[in-house]
Amino acid sequence: MFITRSSSGSSTTKPPSNRVARALEIHRSVMACNAHVALARNSTHALTAALMLPCYKAEFRTLVLPMTANEERELRYALDALCDRAA
C-alpha cells in the first residue's frame, strides 16, 4: 500500500497502479545495483550490477515516459516516501 496525496491536500491509502508498481521495482533494482557498485567494486556482484545498471535505467525510462500525469504524481510521491525512509 502506498500513500497518495489528492489535490485537496488529504491523504488516502491505495495500492499503486501496475505501471507505478513496476517502476518502483525497477527503481529498487537500480538502487541495489548502485549499492553493489559503490561497496564492493572488485566483486563479481559489483561487475554484474555495473553491467545491469544501464538496462534497468533504460527499462525505467521506457516505462515512465508514457505515464499519465496521475501515474507520474503517484510515482513521485512513492519515490519521495522511499527517500524519506532511507534518510
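See the structure printed just above.
It should be emphasised that the depicted structure is a prediction, and the values quoted were computed from it without experimental measurement.

> Explanation requested: helix α2 (residues 44-64) in the structure shown.
An α-helix turns once per 3.6 residues; consequently, residues spaced three or four apart project the same way. Here α2 is 21 residues long and its end C-alpha atoms lie 30 Å apart, about the 30 Å a rise of 1.5 Å per residue gives. Taking the largest bend as the criterion, α2 deviates by roughly 35°, centred on Met-52, and proline Pro-54 comes between one and four positions later. All buried positions along α2 are accounted for by Ala-46, Ala-49, Leu-53, Leu-63 and Val-64. Buried residues in α2 make contact with α1 (18-39) and α3 (69-86).

> Is there a simple way to explain the packing of α1 against α2 in this structure?
The packing of two helices is summarised by the inter-axis angle and the distance between the axes. Between α1 and α2, the shortest axis-to-axis distance is 8 Å and the interhelical angle comes to 155°. Considering the angle they form, α1 stands roughly antiparallel to α2. α2 is crossed by α1, and the crossing has left-handed handedness. Facing α1, whose interface residues are Arg-19, Arg-22, Ala-23, Ile-26, His-27, Ser-29, Val-30, Cys-33, Asn-34, His-36 and Val-37, α2 presents His-45, Ala-46, Ala-49, Ala-50, Met-52, Leu-53, Tyr-56, Lys-57, Glu-59, Phe-60, Leu-63 and Val-64. Looking at the contact of α1 with α2 residue by residue, the class counts come to 14 nonpolar, five polar and four charged.

Cut-off values and rules
- Here the residue numbering is sequential within each chain, running from 1 through the sequence in written order.
- Given that the model is predicted, a residue must reach a pLDDT of at least 70 before its local features are reported, and side-chain atom pairs must reach 80 or more before they are shown or counted; all residues, however, enter totals for whole chains, interfaces and linings.
- The basis for the side-chain values is all heavy atoms of the structure; hydrogens and waters are excluded.
- What counts as a helix is a DSSP run of H or I of at least four residues, what counts as a strand is a run of E of at least two, and both are numbered from the N terminus.
- Here the expected span of a helix is defined as 1.5 Å times the quantity of residues minus one.
- For a residue, the bend is simply the angle between two axes, fitted respectively to the seven-residue segment ending there and the seven-residue segment starting there.
- Using a 1.4 Å probe on the protein chains alone, a residue whose accessible area is under 20% of its type maximum counts as buried, one over 50% counts as exposed, and one in between counts as partly exposed.
- In what follows, a contact means two residues having at least one pair of non-hydrogen atoms within 4.5 Å.
- Helix axes are fitted to C-alpha atoms over the stretch in contact, other axes to C-alpha atoms as well, and angles between N-to-C directions run from 0 to 180 degrees.
- Convention used here: angles under 35 degrees read as roughly parallel, angles over 145 as roughly antiparallel, angles from 65 to 115 as roughly perpendicular, and any remaining angle as oblique.
- Note on convention: the crossing is left-handed when the near helix lies turned anticlockwise from the far helix by less than a right angle, right-handed when the turn is clockwise.
- Three residue categories are used. Nonpolar comprises Ala, Val, Leu, Ile, Met, Phe, Trp, Tyr, Cys and Pro, charged comprises Asp, Glu, Lys and Arg, and polar comprises the others, including Gly.

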